[in-house]
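Understanding the architecture of this molecule
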Amino acid sequence: MPPALDTRTQHLLRDLAPQVLGAVIRRYRDFAASEDAVQEALIAAAMQWPSGGLPENPRAWLIQVASRRITDHVRAEAARRHREAIVVSLVPVEEQIALAADEGTTERDDTLDLLFMCCHPALSSASAIALTLRAVGGLTTFEIAKAFLVPEATMAQRISRAKQSIKTSGVPFRMPTAEERAERLGAVMHVLYLIFNEGYTASSGPELHRSDLSAEALRLTRMLHRLVPDDCEVAGLLALMLLTDARRAARTGPSGELIPLDQQDRALWDRDAISEGLALIAATLPRGSVGPYQVQAAIAAVHDEAARAEDTDWAQILELYGLLQRMSDNPMVTLNLAIATAMVQGPAAGLERLDAIAKDPRIEGHHRLDAVRAHLLERAGDSSGAIAHYRRAAERTTSTSERNYLLMHAARLSETLD
Amino acid sequence: MKYMLMMNTPSGGPYQIAQWPKQDLQAHIGFMISFAKKLGESGELVSAEGLAGPDQAKRVRAGKDGKPITDGVFPESKEFLAGYWIVDVESPERAYEIAAQASAAPGPGGAPLNMAIEVRQVMSGPPKDLL
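Residues numbered from 1 in each chain as written. Chains lettered and ligands numbered in written order. Predicted model: local features only at pLDDT ≥ 70, side-chain atom pairs only at ≥ 80, totals over all residues. Heavy atoms only, no water.

This brings us to the overall build of chain A. When helices and strands are tallied, chain A shows 21 helices and 0 strands. For chain A, the proportion of its 418 residues judged to be buried stands at 50%. When contacts within chain A are restricted to residue pairs at least 6 apart in sequence, those whose partners lie at least 24 apart make up 63%. (Helix = DSSP H or I, 4+ residues; strand = E, 2+ residues; numbered from the N terminus. Buried < 20%, exposed > 50% of the residue type's maximum accessible area, 1.4 Å probe, protein only. Contact = heavy atoms within 4.5 Å.)

Take a look at the structure:
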């Protein structure tokens, strides 16, 4: 057994892995073969670096070892088939010169290209998530499977199908044009947002692994922000994650029960994450083009800035939800708008807003509509109405902890009626 | 999101399948095996199990001393859970599509059984924001 890697080297390897993979794919155009070769290079590094010391340029070292492995594999394959020509045939003839000229620019960071490739809009979101965590995040298939509570074989299939789709789609591995980038950056942010939520929303199951997902999403978004520091929405997404994740410790009670925002112990909120998120959003908002992630981050910021729940600046939140609704026409946003309206103008005004969307087929029969109505009816003093809607919402939710939360509300209100 | 797809024994009792000709039986079993394999390959299968027959089933309740009291079997039972699949899919529509495929498993004479498959969403963690 070689000596164990110290934490610094582990982090270094994890940061370098996507860059190395990106560089190798750019050269050899084969996702699956490149990934195998990079894995071998990482293993070689883990075996050699602890005793031999870090190479002068670890990134170049890894790229070189991976490249050697991949050409070895290609040669072995070629020898077996008596077809030496295959070595060059991997790279289209017209691109061979460009490839050679490229050799010198080893300092280029290919991580962004890799992210764009993994989050390609043609992939299903489950595949894009799995591939991103594997290729850019460097998580093992076992870790990803554990986090999503599925068997390892299932996750392995998702990853291999995603690689297959990339192969057959012929998505070129190159820096996207400005237009492509704007278009695909949306998909990249969406995938990162989904990974974050997957980690943030689950309290059941192997909790540790799930919260690792949020940490990973944060790490990748931070990386993306470093790569495109001028993109306001990326900054907004990072701020949103920081400002949301800051409340994690206060969000659940000792037995995993949900604690709503207005009842959380704000002393448990992570002050460092909040200041970082606030600084980010404060620097981003005045720069112009405002998108939905920035608005959501701004809403989270208003909540996080209030020392006590009753200090929350609901008027500002109401305005921000209004802005968000004009951007997206999403009935879920209107639900939140109704809550903010009730906080500013009283529950009757909030209930009016609910009536206005109650027939929207996208939300009709959704448990959140009942939950919000129950909440507003309770605030309006209509206990029996509130109980009925809390119960209806409890019947319809597919979340165990939310069901418990809603049933507890109905039960508590029932006791006050007796 | 995860869904449980439940298959009940077709109406007419749990063991009618025993009366099927060998060829039909083979087609049915072959279908089930390749169905599970396909779900595995698409990266959607979480688990799948067939359950032993109703004559092996017992109903258990705790007696006054907390010890188990058992009764059963269920010879008269018309419908009985025969097995289930748990799938992890991107949309409810995809879960219904998979259930419809299971429903069309071949029966006597190779004709699709079109049995009812019950589709239920598996409860999950909390939503991202509460009131």
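Next up on the list: unusual backbone geometry. What you tend to see is this: most non-glycine residues have negative phi, and most peptide bonds are trans. Residue and element names in this part refer to chain A. Located in the positive-phi region is R29, a residue other than glycine, with phi close to 60 degrees. Its place among the elements puts R29 in the loop between α1 (7-28) and α2 (31-52). Under the relative-accessibility criterion, R29 is labelled partly exposed at 38%. A positive phi is found at D329, a non-glycine position, where the angle reads about 45 degrees.

A separate point is the layout of surface pockets. Residue and element names in this part refer to chain A. What the second largest pocket holds in volume is close to 600 Å³. As for the second largest pocket, its lining consists of 23 residues, and the residues nearest its centre are R14, G138, L139, T140 and E143. Of all elements in the fold, only α1, α2, α7 (125-135), α8 (141-147) and α11 (207-227) reach the threshold of two or more residues within the lining of the second largest pocket. Taken together, the residues of the lining of the second largest pocket break down into 12 nonpolar, 5 polar and 6 charged. (1 Å grid on protein atoms, 1.4 Å probe; cavity = no way out; pocket = protein on both sides within 12 Å on 5 of 7 lines; lining within 4 Å. Points joined across faces, edges and corners; volume = space filled by probe spheres on them. Nonpolar A, V, L, I, M, F, W, Y, C, P; charged D, E, K, R; others polar.)

Moving on, we come to the sheet that holds strand β5 (residues 81-88) of chain B. Residue and element names in this part refer to chain B. Taken in spatial order, the 4 strands line up as β2-β5-β1-β6 in an open sheet, and their pairing is antiparallel. The two strands at the open ends of the sheet, each matched to only one other strand, are β2 (45-50) and β6 (117-121). For this sheet, the mean angle separating the axes of adjacent strands, direction not counted, is 15 degrees. Strand direction decides the pairing type here: strand β1 (residues 2-8) and β6, joined by 5 bridges, are antiparallel. For M7, the partnering residue across the bridge sits in β6 and is I117. Sheet strands in contact with helix α1 (residues 22-41) are β1, β2 and β5, and its direction is about 20 degrees off that of β5. (Pairing = 2+ DSSP bridges. Axes fitted to C-alpha atoms, helices over the stretch in contact; angles between N-to-C directions.)

The next subject is the interface of chain A and chain B. Interfaces are frequently sized by the accessible area removed from exposure as the parts join. Across the contact, 39 residues belong to chain A and 21 residues belong to chain B. Interface of chain A and chain B: buried area, both sides summed, is about 2300 Å²; carbon and sulfur atoms make up 53% of it. When the area that chain A buries against chain B is broken down by residue, the three leading residues are R158, T201 and T398 of chain A, summing to 20%. Seen at the junction of chain A and chain B, the total is 1 salt bridge. (Buried area = accessible area lost by both parts, 1.4 Å probe. Salt bridge = Lys/Arg side-chain N within 4 Å of Asp/Glu carboxyl O.)

Take the pairing of strand β4 (residues 68-71) of chain B next. Residues and elements named next belong to chain B. Across 4 bridges, strand β3 (residues 59-62) lies against β4 in antiparallel orientation. Bridge pairing in β4 links R61 to I69. Connecting β3 to the next strand, β4, in antiparallel fashion are 5 residues, including G66 with a positive phi near 85 degrees.

This part is about the pattern of salt bridges. All names here are of chain A. As enumerated under the stated definition, the model contains 24 salt bridges over all chains in all. We note a salt bridge from R247 to D304, for which the minimum N-O separation is 2.8 Å. Remark: D304 occurs in helix α15 (residues 292-305) and R247 occurs in the loop between α12 (232-245) and α13 (248-251); sequence separation between them is 57 residues. For R247, a relative accessible area of 6% translates into the label buried.

Residue and element names in this part refer to chain A. Where α7 meets helix α9 (residues 152-169), the closest approach of the two axes is 9 Å, and the angle between their N-to-C directions is 95 degrees. Viewed along their axes, α7 and α9 adopt a mutual orientation that is roughly perpendicular. Contact residues: α7 offers A126, S127, A130, L131 and R134, while α9 offers M155, R158, I159, A162, K163 and I166. (Parallel < 35°, antiparallel > 145°, perpendicular 65-115°, else oblique.)

Now for the side chain of T221 of chain A. Residue and element names in this part refer to chain A. Note on placement: T221 falls in helix α11. Overall, the relative accessible area of 0% leaves T221 in the buried class. For T221, the side chain forms a polar contact with the main-chain oxygen of A217, separated by 2.7 Å. Excluding residues within four positions of it along the chain, T221 makes contact with L192, V234, L237, L238 and M241. (Polar contact = N/O pair within 3.5 Å; in protein donor to acceptor, adjacent residues only side chain to side chain.)

This next bit is on the packing of aromatic side chains. For the structure shown, the criterion picks out 4 aromatic pairs over all chains. An angle of 55 degrees between the planes, with centres 5.5 Å apart, marks the rings of Y193 of chain A and Y293 of chain A as tilted. Of the two residues, Y193 of chain A is situated in helix α10 (residues 178-201) and Y293 of chain A in helix α15; the sequence distance between them amounts to 100 residues. Ring geometry for F35 of chain B against W85 of chain B: centres 5.4 Å apart, planes inclined by 90 degrees, an arrangement best described as edge-to-face. Within this pair, whereas F35 of chain B is found in helix α1, its partner W85 of chain B is found in strand β5, the two being separated by 50 residues in sequence. In this structure, F35 of chain B and W85 of chain B share a single accessibility class: buried. Clustering of aromatic rings is evident, with ring pairs tying together F31, F35 and W85 of chain B. Here the basic side chain of R247 of chain A rests over the ring of W269 of chain A, its NZ or CZ set 5.8 Å away from the ring centre. (Phe/Tyr/Trp six-rings, centres within 6.5 Å; stacked < 30°, edge-to-face > 60°. Lys NZ or Arg CZ within 6 Å of the ring centre and 35° of its normal.)

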